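Understanding the architecture of this molecule
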Amino acid sequence: VQLQASGGGLVQAGESLRLSCAASGIIVSDNVMGWYRQASGEERELVASMTSGGSTNYDDSVKGRFSISRDNARNTVYLQMSSLKPEDTAVYYCTVEELGPIPHLYWGQGTQVTVSS
């Protein structure tokens, strides 16, 4: 299983970014996809997730600003981030939780998002 994240960068507060996570070796629509982030000196936190049925969940800090979605044909998951704030600055990681008798959480490499004030 490989997860290739991209789309990070440096933006100003209020701007938007879209992160992408292309998966191989696993079907995103069959599993639980997620986006975590880790700010410098902080613990990693889950910001958004999507179940195989399409249900989504967001951390309170990003509700109304971030949106997780997937493109089944491309086997890719996205995180649309709007109205970015400096406190959104972090390394963002995509994950896939493979469901089954023994669930397994796969991690992609991180992509840096920096929001300047």
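So, a few notes on the structure that sits alongside this text. (Residues numbered from 1 in each chain as written. Predicted model: local features only at pLDDT ≥ 70, side-chain atom pairs only at ≥ 80, totals over all residues. Heavy atoms only, no water.)

**Concerning the pattern of salt bridges**
Two side chains that carry opposite charge are able to pair once their charged atoms sit near each other. We count it as follows: Any carboxyl oxygen of Asp or Glu within 4 Å of a side-chain nitrogen of Lys or Arg constitutes a salt bridge here. Numbering of helices and strands runs from the N terminus; a helix is a DSSP stretch of H or I covering at least four residues, while a strand is a stretch of E covering at least two. Burial classes follow relative accessibility: with a 1.4 Å probe on protein chains only, a residue under 20% of its type's maximum area counts as buried, one over 50% as exposed, and anything between as partly exposed.
Following the criterion strictly, the structure yields 5 salt bridges and no others. D88 is the salt-bridge partner of R37, the closest N and O atoms lying 2.9 Å from each other. Taken together, the positions of R37 in strand 4 (residues 32–38) and D88 in the loop between strand 8 (76–81) and strand 9 (90–98) put the pair 51 residues apart, joining distant regions of the chain. Neither residue differs from the other here; R37 and D88 are each classed as buried. Here D88 ties to R65 by a salt bridge, and the two come within 2.7 Å at their closest N and O atoms. Residue D88 is found in the loop between strand 8 and strand 9, and its partner R65 is found in the loop between strand 6 (56–58) and strand 7 (66–71); the two are separated by 23 residues along the sequence. Note on accessibility: D88 and R65 belong to one class, buried. Connected via shared salt-bridge partners are R37, E45, R65 and D88.

**Let's talk about the side chain of N75**
Just so we agree on the cut-off: We call two N or O atoms a polar contact when they sit within 3.5 Å, provided that within protein one can donate a hydrogen and the other can accept it, with sequence-adjacent residues counted only if both atoms are side-chain atoms. Working rule for contacts: check all heavy atoms of both residues, and any pair within 4.5 Å makes them a contact.
Locating N75 in the fold gives a position in the loop between strand 7 and strand 8. At 2.9 Å, the side chain of N75 forms a polar contact with the backbone nitrogen of V28. If we skip the residues at most four places from it in the chain, N75 touches C21, A22, A23, S24, I26, I27 and V28.

**Quick word on the pairing of strand 5 (residues 45–50)**
The condition is simple: Strands are treated as partners if at least two bridges between them are detected by DSSP.
Bridge count between strand 4 and strand 5: 5 bridges; the pairing is antiparallel. Paired with R37 across the bridge in strand 5 is E45. Sheet analysis places strand 5 next to strand 6, joined by 3 bridges and oriented antiparallel. In the sheet register, S49 faces strand 6, and the bridge partner there is N57. A loop of 5 residues connects strand 5 with strand 6, the two strands running antiparallel in sequence, and G54 in this loop sits at a positive phi of about 95°.

**Section: the state of the cysteines**
Using the following cut-off: Working definition: a disulfide is two cysteine sulfur atoms within 2.5 Å of each other.
With the rule as written, the count across this model stands at 1 disulfide. The residue that forms a disulfide with C21 is C94, at a sulfur-sulfur distance of 2.1 Å. Taking the sign of the S-S torsion, about 60° here, the bridge from C21 to C94 comes out right-handed. With C21 in strand 3 (residues 17–24) and C94 in strand 9, the pair connects residues that are 73 residues apart, well separated along the chain.

**Quick word on the environment of S61**
Mapped onto the secondary structure, S61 falls in the loop between strand 6 and strand 7. With relative accessibility at 33%, the residue S61 sits in the partly exposed group. Sequence separation between S61 and G9 is 52 residues; the distance between their C-alpha atoms is 20 Å. Polar contacts involving the side chain of S61 include one to the side chain of R37, which spans 3.2 Å.

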